[in-house]
Amino acid sequence: MRVRREKLSQLYDLGANPYPYGFDRSHSAHEILADHEQLLGKQVSVAGRLMSIRGHGKVGFGHIMDTSGRIQIYVRKDELPELDFSVFKLSDIGDIVGVTGEVFITRTGETTVKAAKFELLSKTLRPLPVVKERGEGDERVVYDQFADKELRYRQRYVDLVVNPEVRNVFVVRSRVVSYMRQFLDDLGFLEVETPVLQPIYGGASARPFVTHHNTLDMPLYLRVADELYLKRLIVGGFDGVYEISKDFRNEGMDRFHNPEFTMMEVYVAYQDYTYMMELVENLVSSIAQKIFGKTELIYQGTEIDLTPPWPRLPLFQAIEERVGINLYGKNLADLKKIASDLGLKVEPFWREGKLIDEIFSEKVEPFLIQPTFITDYPVELSPLAKRHRDDPKLVERFEPFMMGGEIGNAFSELNDPIDQRDRFLAQKKLLELGDDEAQMLDEDYLRALEYGMPPTGGLGIGIDRLVMLFADQPSIRDVIFFPQMRPEKPTE
RNA sequence: GAGGGUAUAGCUCAGCCGGUAGAGCAGCGGCCUUUUAAGCCGUGGGCCGAAGGUUCGAUUCCUUCUACCCUCACCA
């Protein structure tokens, strides 16, 4: 770094401005490579980060990288102003530069810009980890990777510069969200925003983050879900609303969980959960269609076929197929015995719903690789879902599973205010029993339901997990720019 | 929370059975007017994660701590 600062003052001495105000680009690197036949001999301007330098005395080569890709540049002492050549000589890998000159093809056949002007656009003071590559495609060997995962997550800006495939993950992420938005807009749904800071949290079983508002002198919770506010908007008369936003859950972190994560929730009046199933499979498969041009993809070496319709499998049937026991109607003692016979560590305070859920997550979920809707959950697991039309012990709920994990949650929304109050009261009991994830009773939400909510289908989809699928990434940290980390130790 | 792993140069890593460190790349200086992991010559660079212990002597063995990674648990 000291050396770079010296170079900086040398640049000032030469009369060069290491931090100018702009640069007019005529082409991106990719455009020049793609159009090189038309552009041969023509003047172009490109700008980007200098990723390699090969000096040869009075000549030099280098590659500059912009968002679109890399292009080689060629600098000859006798073909550009003396100042520019001196500036080139003082350049380091990582510097941001602009080059103007004509396109030609080198002896070795690479399309290259021969500099008539070489301008420094921003001098770097920290050395960039240098990645060198040799070969193409499968033969490609990368040297000196910026490989330390911790550093890559902490200094994502460096990761993005040095590891181009990382940038692509986030391009995919952006496209997934944008196609999703387009899909929902095309259905005529309204994108809305609801409070992140909530006096009462609800809509999911999860521990919240708590904060405090000074003026009102009251605790506020960061939302764990958007659900209850979006349904208030359905009460208010919108036929379809959706929100794409961050939710916050004060829970553990692993490759499927980050304390803040992105959720899409959509609510549609006059529809039920069967409509939402079709919506999910059409939404996901159409995103695949737009990204890959087909509805199959490879995730971590396994082919996943997203072509609708996806199988619908009732929860109890799914368990029975895997475990060989039908858990429906079993009492608490039976369930405990079955669970421990299956090798699960049973906690004494678990109730029927929790036991069924545990058996399912342990024995069935990991095997749900291909997209599958698991349907019809026990009522005690789902305080906001409407009872099943054929069986009051179940609710009309489904979760889409794939890659051995859940990517969403949906139901026919409970709009009976009296039943809803009873469910809240049951949750309250759980809360008192020590279940710190049980939901709070929300009087205002009940009041909204008492004003009448139409039959409604609702759905939440975990965007991060969907992006993991589409970008073929093994961890949620790989699809979040700045995943949560412990604070850095104050060094330096 | 439990178990395992890792921590050595800017980066990636080597360093056996204890004798205070090495490679490639990057850096710096030089030569080189079509190179592409450019080449050639030269050169600087390390509190071997922290603290303690064993020992004549610790990067190496032991303990503790810290950070990160992985697996499990928790968390749908």
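Here the structure is a predicted model, which means the values were calculated and not measured. (Residues numbered from 1 in each chain as written. Chains lettered and ligands numbered in written order. Predicted model: local features only at pLDDT ≥ 70, side-chain atom pairs only at ≥ 80, totals over all residues. Heavy atoms only, no water.)

### Describing unusual backbone geometry
- Proline 309 follows proline 308 through a cis peptide bond whose omega is -5 degrees.
- Its place among the elements puts proline 309 in the loop between strand 15 (302-305) and strand 16 (312-314). (Helix = DSSP H or I, 4+ residues; strand = E, 2+ residues; numbered from the N terminus.)

### Quick word on helix 11 (residues 332-341)
- Of all the residues in helix 11, the buried ones are Leu335, Ile338 and Ala339. Axial view of helix 11: buried residues confined to an arc of 100 degrees, hence all on one face. In helix 11, the exposed positions that point more than 90 degrees away from the buried face belong to Ala333, Lys337 and Asp341.
- Just downstream of helix 11, glycine 343 is the residue with a positive phi angle, here 90 degrees. (Buried < 20%, exposed > 50% of the residue type's maximum accessible area, 1.4 Å probe, protein only. Arc of directions from axis to C-beta.)

### Notes on the protein's contact with RNA strand B
- Residues in contact with RNA strand B amount to 52 residues; listed here are only the nearest, Val59, Thr108, Ser205, Arg397 and Glu406.
- Elements that contribute at least two residues to the surface near RNA strand B include exactly helix 1 (2-14), strand 1 (43-55), strand 2 (59-66), strand 3 (69-76), strand 6 (132-134), helix 5 (149-154), helix 12 (352-363) and strand 19 (391-402).
- Top element by residues in the surface near RNA strand B is helix 12. It accounts for four residues.
- By residue class, the composition of the surface near RNA strand B is nine nonpolar, 12 polar and 31 charged. (Near = heavy atom within 4 Å. Nonpolar A, V, L, I, M, F, W, Y, C, P; charged D, E, K, R; others polar.)

### Overview of the packing of aromatic side chains
- Counted under the stated rule, the structure contains 14 aromatic pairs.
- Aromatic pair phenylalanine 85 and phenylalanine 88: ring centres 6.2 Å apart, planes at 40 degrees, arrangement tilted. Here phenylalanine 85 and its partner phenylalanine 88 are both found in helix 4 (residues 82-89), three residues apart, which amounts to about one turn of the helix. This pair shows no difference in class: phenylalanine 85 is buried, exactly as phenylalanine 88 is.
- When the ring of tyrosine 273 is compared with that of phenylalanine 398, the centres are 6.4 Å apart and the planes differ by 40 degrees; the resulting orientation is tilted. With tyrosine 273 in helix 9 (residues 273-292) and phenylalanine 398 in strand 19, the pair connects residues that are 125 residues apart, well separated along the chain. This pair shows no difference in class: tyrosine 273 is buried, exactly as phenylalanine 398 is.
- Ring-pair connections join several aromatic residues into one group, and the members of that group are Tyr273, Trp310, Phe373 and Phe398.
- Here the basic side chain of lysine 114 rests over the ring of phenylalanine 104, its NZ or CZ set 5.1 Å away from the ring centre.
- One cation-aromatic arrangement involves arginine 232 over tyrosine 229; the distance from NZ or CZ to the ring centre is 4.6 Å. (Phe/Tyr/Trp six-rings, centres within 6.5 Å; stacked < 30°, edge-to-face > 60°. Lys NZ or Arg CZ within 6 Å of the ring centre and 35° of its normal.)

### Concerning the sheet that holds strand 2
- Read around the barrel, five strands follow the order 1-2-3-5-4 and close on themselves; strand pairing throughout is mixed. Strand-to-strand twist across the sheet, computed as the mean angle between neighbouring axes with direction ignored, equals 55 degrees.
- Sheet strands in contact with helix 4 are strand 1, strand 2, strand 3 and strand 5 (111-122), and its direction is about 80 degrees off that of strand 5. (Pairing = 2+ DSSP bridges. Axes fitted to C-alpha atoms, helices over the stretch in contact; angles between N-to-C directions. Contact = heavy atoms within 4.5 Å.)

### Here we look at the nonpolar core
- Core analysis: the largest hydrophobic core is formed by 50 residues, its most contacted members being Met264, Leu306 and Phe470.
- Where this core is concerned, the elements lending two or more residues are helix 7 (164-186), strand 12 (240-248), strand 13 (260-269), helix 9, strand 14 (296-299), strand 19, strand 22 (456-462) and helix 15 (463-471).
- Aside from chain neighbours lying at most four places away, what touches phenylalanine 470 is Val172, Val176, Val284, Ile287, Ala288, Ile291, Phe292, Leu297 and Leu306.
- Within the second largest apolar cluster, 39 residues are counted, among which are Leu230, Val364, Ile374 and Phe411. (Core = buried A, V, L, I, M, F, W, Y, C linked by side-chain atoms within 4.5 Å.)

### Points about the side chain of threonine 375
- Here threonine 375 is to be found in strand 17 (residues 372-378).
- What threonine 375 contacts, discounting residues up to four positions off in sequence, is Tyr273, Met277, Arg312, Leu313, Pro314, Leu315, Arg397 and Phe398.

### Section: the pairing of strand 15
- By the bridge criterion, four bridges tie strand 14 to strand 15 in an arrangement that is antiparallel. Counted as the bridge partner of isoleucine 298 is glutamate 303 from strand 15.
- Hairpin connection between strand 14 and strand 15: a loop of two residues separates the two successive antiparallel strands, and glutamine 300 in this loop has a positive phi of roughly 50 degrees.

### A word on the confidence of the model for chain A
- The predicted model of chain A averages 89 in pLDDT, with 96% of residues at 70 or higher.
- Across chain A, strand 8 (residues 190-191) holds the top mean pLDDT of 97, while strand 7 (residues 141-143) sits lowest at 63.
- Interface confidence in the predicted complex, given as ipTM, is 0.83; pTM for the same model is 0.89. (pLDDT = per-residue confidence, 0-100.)

### Focus on the sheet that holds strand 9 (residues 197-198)
- Spatially, 9-11-10 is the arrangement adopted by the three strands of the open sheet, whose pairing is antiparallel. Sheet topology places strand 9 and strand 10 (210-213) at the edges, where each strand pairs with a single neighbour.
- As judged from the two bridges shared by strand 9 and strand 11 (residues 218-222), these two strands associate in the antiparallel manner. Residue pairing in the sheet places leucine 197 in a bridge with leucine 222 of strand 11.

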